[in-house]
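Overview (structure and organization)
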Amino acid sequence: MLNSKLNGEVYFPSAEVLKNATIKDWEQLNKKALDNYEEFWSELASELHWFKKWDRVIEDSEKPFYKWFTGGKTNIVYNCLDVHVNTHRRNKLALIWEGENGDSKTFSYYALHRETCKFANVLKSMGVQKGDRVTIYMGRVPEIVIAMLACARIGAVHSVVYGGFSVESLAERIEDSNSKVLIVADGAYQRGKIVQLKQIADEALQRCGTVEHVLVVKRTGQEINMESGRDMWYHELMNLPIAIQNNTLEEVDSEYPLFILYTSGTTGKPKAILHTHGGYMVGIYATLKYVFDIHDDDRYWCAADPGWITGHSYIVYGPLLNGATSFMYEGAPNFPYPNRWWQIIEKYGINILYTAPTAIRGLMRFGEAWVNRHNLSSLRLLGTVGEPINPEAWKWYYNVVGKGKCPIMDTWWQTETGMFMITPMPCVPLKPGSGSRPFPGIVMDVVDEKGNSVQANEEGYLVIKTPWPAMIRTVWKDSERYISQYWSRYPGMYLTGDSARKDEDGYFWIIGRVDDVIKVSGYRLGTAEIESALVSHNTVAEAAAIGLPHEVKGNAIYAYVILRTGVEKSPALIDELRQHVSHEVGPIAKPEHIEFVDALPKTRSGKIMRRVLKAKALGQDPGNLSTLEE
Ligand code: WTA
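Quick look at the structure, then. Residues take numbers from 1 onward in each chain, read along the sequence in its written order. In view of the model being predicted, local features appear only for residues whose pLDDT reaches at least 70, and side-chain atom pairs are presented and counted only at 80 or more, with totals across whole chains, interfaces and linings using the full set of residues. With hydrogens and water excluded, all non-hydrogen atoms of the structure serve as input to the side-chain values.

Here we come to the overall build of the protein. Labels follow the DSSP assignment, with helices taken as runs of H or I lasting at least four residues and strands as runs of E lasting at least two, numbered in each case from the N terminus. Scanning the protein from N- to C-terminus turns up 19 helices and 30 strands. The globule rule used here is 2.2 Å times the number of residues to the 0.38 power, and the radius of gyration it is set against is calculated over C-alpha atoms. Its C-alpha atoms give the protein a radius of gyration of 24 Å, near enough to 25 Å, the size a compact globule of 630 residues would have. In terms of overall dimensions, the protein has C-alpha extents of about 70 × 70 × 60 Å along its principal axes. When each of the 630 residues of the protein is scored for burial, the buried share is 63%. When a residue's accessible area, from a 1.4 Å probe over protein chains only, is under 20% of the maximum for its type it is buried; when over 50% it is exposed; and in between it is partly exposed.

Listed below in structure tokens is the structure:
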């Protein structure tokens, strides 16, 4: 396995790493998976609890609507909680939480199970039934985990909206999912200030009309509006006799919906990606087990937000399925000082840290001294996700944070894939900036316009050629879009929307999105959302948004705006428009810069040619302009 003939700069696992690694031979595991893919997944699935075993591992009679573990009955929450409560893990910590203001809470498996059952009862008493959607809108607090698990426990479908989104984004997602219940926090701490989550929710609820009950978690305790008959406090409900009734759990079919999660796509409104209980459970259980090589006494910290897929899969479900101790932190990496994260690692003895390149680049700017003040010797493994990591940031992470002894798991995946797809394991030789190869058994490729594999090191479209258990099942309420977006460009291949290269060793190098998705600080945004926020302002006639390279954020948003006739251009208006986008979509979508223009490059059919805008902004050749109207 330790192939010394690999090309380029390679970091081989140390003897110490190999000694600790559960999987010591990646090639062998990959061969096993390739030789009998169904058996490979079937064995992993057997490590989890099923009320009824599946009849078939993969059901592909209605491609691309693949089904996994059909005929089986399970519930992901049973495997996350109940299973452990009956073992030596009963009193083990499942979740350790620290607030930005220093508050902290811990939950053993027993306690998390109990809180989840109680909240499941509360939801039931609110009339939430199997199949109902529930929107969750909170910061990084333990109650978000409890709320998600409580929904899934009773077969309700959660739809978490990231707490950094704002009024219109929230309203749109509540409305589209037809949620009757909204679970929200009064506010969230962010860099010493309070994000007014409840106030944003109140404003959003004026724009959509499906919600009957709002359950409010008290986090900040500041004065908020409580609408009588609609709004109720979480802590009061949890103290009612009804909450401690029983431990109801819905035994669901493998393919039963677990959650929807909205994500930005190529065009129009964000789409809801649907994941189901059985396959998703097996996929994230297995990937976390092998890639982060969870040991029973590990303390694992995924520093993402539960509001995105990384949080769903690898803060909430994955660690609990593996019986791990998961740590969650409410605040920002550099508040109040740039050592906050390093302090936390030392304080809690974190063994595994999983974060995004943007956080690394941000912390790197403050210099090594902040890191070196702390004892980080507990760290064993590091991870990164969300965007390509530049080799400079990779090396800083490896040498300064990991002291040259912690392999970096650069995991490529998507909301749609649900689980890691291209990723190393601790035993795999690493090349800074590459996530190495696909997870065992998964076949991925880089293809040209026609769908043919390109030569080694040539750029092309990244595609997936095998189904995988945690794969997107459909776009909620829009199966046409599921087919057209992912499966229609090349028959039989899933289109990722990314461009990539594969080197002579089979290592994949992600270049970036090739569609109208912008990754800002690892957050996924659509140009359409930013543009529609801009044109909803009464001074704007037309708008185009693009992403341009940014040293810390990876990409930053630039917007080009055509004002309505008679509107005066001014720096104050630029500020107002930036604020407007922040208010409608969220602070993460606030354009870095807005430029007023008189025309936008469009095709004859009226589509904005964002690549021309991008080339112009970067001073590059815009390429083929034959479809440009003027
Ligand atoms: C990008 C996040 C390079 C990619 C889990 C993908 C990455 C999009 C990596 C999905 C990585 C994610 N290296 N690029 N390790 N991981 N991406 O849905 O462009 O928020 O298509 O899921 O993030 O973003 P999403």
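From this point, things continue past the structure.
Buried residues dominate strand β11 (residues 213–217), accounting for five of its five residues. Side chains of β11 alternate between two faces, with H213, L215 and V217 and V214 and V216 buried alike. Strand direction decides the pairing type here: strand β8 (residues 181–185) and β11, joined by five bridges, are parallel. Within the sheet, the bridge partner assigned to I183 lies in β11 and is L215. One ladder, built from three bridges, connects β11 with strand β12 (residues 231–233); its direction is parallel. Here, any two strands with at least 2 DSSP bridges between them count as paired.

Here, nonpolar core means buried Ala, Val, Leu, Ile, Met, Phe, Trp, Tyr and Cys residues that are tied together by side-chain atoms lying within 4.5 Å of each other. Core analysis: the largest hydrophobic core is formed by 168 residues, its most contacted members being W41, F119, F292 and Y317. Should any heavy atoms of two residues lie within 4.5 Å, those residues are considered in contact. Apart from residues lying up to four places away in sequence, W41 is in contact with V57, W68, F69, V282, G283, A286, M419, F439 and P469. The next biggest cluster of nonpolar side chains, apart from the first, holds 32 residues, and it includes Y329, W341, L353 and A359.

It is worth spelling out the sheet that holds β11 at this point. Across the sheet, which stays open at both edges, the eight strands sit in the order β12-β11-β8-β6-β7-β14-β15-β23 with mixed pairing between neighbours. Only two strands of the sheet have a single partner each, and these edge strands are β12 and β23 (474–475). Note on method: axes are straight lines fitted to C-alpha atoms, helices fitted across the in-contact stretch only, with angles between N-to-C directions ranging 0 to 180 degrees. Taken strand by strand, helix α8 (residues 197–205) contacts β6 (133–137), β8, β11 and β12, and its axis lies near 150 degrees from that of β8.

Below, the discussion takes up the site of the ligand. When at least one non-hydrogen atom of a residue lies within 4 Å of a molecule or strand, that residue is treated as near it. The environment of the ligand is formed by 17 residues, the closest being D410, T411, T415, R513 and R524. Take G386: an N or O atom from its main chain is 3.1 Å from a nitrogen atom of the ligand. A distance of 3.5 Å is found between a nitrogen atom of the ligand and a backbone nitrogen or oxygen belonging to P388. Computed by Shrake-Rupley with a 1.4 Å probe, the accessible areas treat only the displayed protein chains as cover when residues are assessed. Here the ligand, which alone exposes 530 Å², has 97% of that area covered by the protein. Those elements that place two or more of their residues in the shell around the ligand are α11 (309–321) and β25 (508–513). Three classes are used, and their members are as follows: Ala, Val, Leu, Ile, Met, Phe, Trp, Tyr, Cys and Pro are nonpolar, Asp, Glu, Lys and Arg are charged, and the others, Gly among them, are polar. Among the residues making up the shell around the ligand, the classes are represented as six nonpolar, five polar and six charged. Definition of a polar contact: a pair of N or O atoms within 3.5 Å, with one able to donate and the other able to accept a hydrogen when the atoms are protein atoms, and with sequence-neighbouring residues admitted only if both atoms are side-chain atoms.

As a further point, take empty space enclosed by the protein. Residues are said to line a cavity or pocket when one of their atoms sits within 4 Å of a point; the points come from a 1 Å grid over protein atoms alone, cavities being sets where a 1.4 Å probe fits but cannot get out and pockets being open sets with protein on both sides within 12 Å along at least five of seven lines. Grid points are joined across faces, edges and corners, and a volume is the space filled by probe spheres set on the points. Summed over all chains, the structure comprises two cavities of 30 Å³ or more. Taken as a whole, the largest cavity encloses approximately 50 Å³ of empty space. What lines the largest cavity is simply V160, V161, Y162, F165, R173, L261, Y262, G307 and W308. Looking at the lining of the largest cavity residue by residue, the class counts come to seven nonpolar, one polar and one charged. By volume, the second largest cavity amounts to about 40 Å³. For the second largest cavity, the full set of lining residues is M126, G127, V128, D132, R133, V134, K180 and V181. Residues belonging to the lining of the second largest cavity are distributed by class as follows: four nonpolar, one polar and three charged.

Turning next to helix α5 (residues 109–125). One less than the number of residues in a helix, times 1.5 Å, gives the span that helix is expected to have. Taking 1.5 Å as the rise per residue, α5 with 17 residues should run 24 Å; its terminal C-alpha atoms sit 24 Å apart, in good agreement. Considered for burial, the residues of α5 that qualify are Y109, L112, H113, T116, C117, K118, F119, A120, N121, V122 and L123. Positive backbone phi, at 90 degrees, marks G127, one or two positions downstream of α5.

With that settled, consider the sheet that holds strand β30 (residues 593–596). Pairing is mixed across the open sheet formed by three strands, whose spatial order is β28-β29-β30. What marks the edges here is a single partner per strand, and that holds for β28 (540–550) and β30. Adjacent strand axes in the sheet meet at a mean angle of 25 degrees when their direction is disregarded. Relative to the sheet, helix α19 (residues 610–617) contacts β28 and β29 (554–563), its axis offset from that of β28 by approximately 55 degrees.

Glancing now at the packing of aromatic side chains. Two rings from Phe, Tyr or Trp (for Trp, the six-membered ring) form a pair when their centres are within 6.5 Å of each other. A pair whose planes differ by under 30 degrees is stacked, one over 60 is edge-to-face, and the rest are tilted. One pass over the structure, following the stated rule, counts 42 aromatic pairs. The interplanar angle of 75 degrees and the centroid separation of 4.9 Å between the aromatic rings of Y11 and Y398 together place this pair among those described as edge-to-face. Here the residue Y11 occupies a position in the segment before α1 (15–20), and Y398 occupies one in helix α15 (residues 391–401), the gap between them amounting to 387 residues. Both residues of the pair, Y11 and Y398, belong to the buried class. Between W301 and F327 the ring centres are 5.1 Å apart and the planes differ by 85 degrees, which places this aromatic pair in the edge-to-face class. Of the two residues, W301 is situated in strand β16 (residues 299–302) and F327 in strand β17 (residues 325–329); the sequence distance between them amounts to 26 residues. Each member of the pair W301 and F327 is classed as buried. Here the aromatic cluster, defined as three or more aromatic residues joined through ring pairs, consists of Y37, F40, W41, W50, W54, W68, F69, Y290 and F439. In our convention, an over-ring charge means Lys NZ or Arg CZ found within 6 Å of a ring centre and within 35 degrees of that ring's normal. The aromatic ring of Y507 is capped on one face by K431, whose charged end is 4.7 Å from the ring centroid. Lying across the ring of Y461, R489 places its NZ or CZ 4.4 Å from the centre.

This brings us to the pattern of salt bridges. We define a salt bridge as a side-chain nitrogen of Lys or Arg found within 4 Å of a carboxyl oxygen belonging to Asp or Glu. As enumerated under the stated definition, the model contains 47 salt bridges in all. Here D231 and R230 are joined by a salt bridge, their closest N and O atoms 2.6 Å apart. By the burial criterion, D231 is buried, and R230 matches it. When salt bridges that share partners are traced, they join K198, D202, E227, R230 and D231 into one network.

Once that is clear, we can look at the environment of D202. Mapped onto the secondary structure, D202 falls in helix α8. We classify D202 as buried; its relative accessible area is 14%. Here the alpha-carbon distance between D202 and A171, two residues 31 residues apart in the chain, equals 9.7 Å. Residues contacting D202, with those up to four places away along its chain left out, are N225, R230 and D231. A distance of 3.0 Å separates a polar atom in the side chain of D202 from a polar atom in the side chain of N225.

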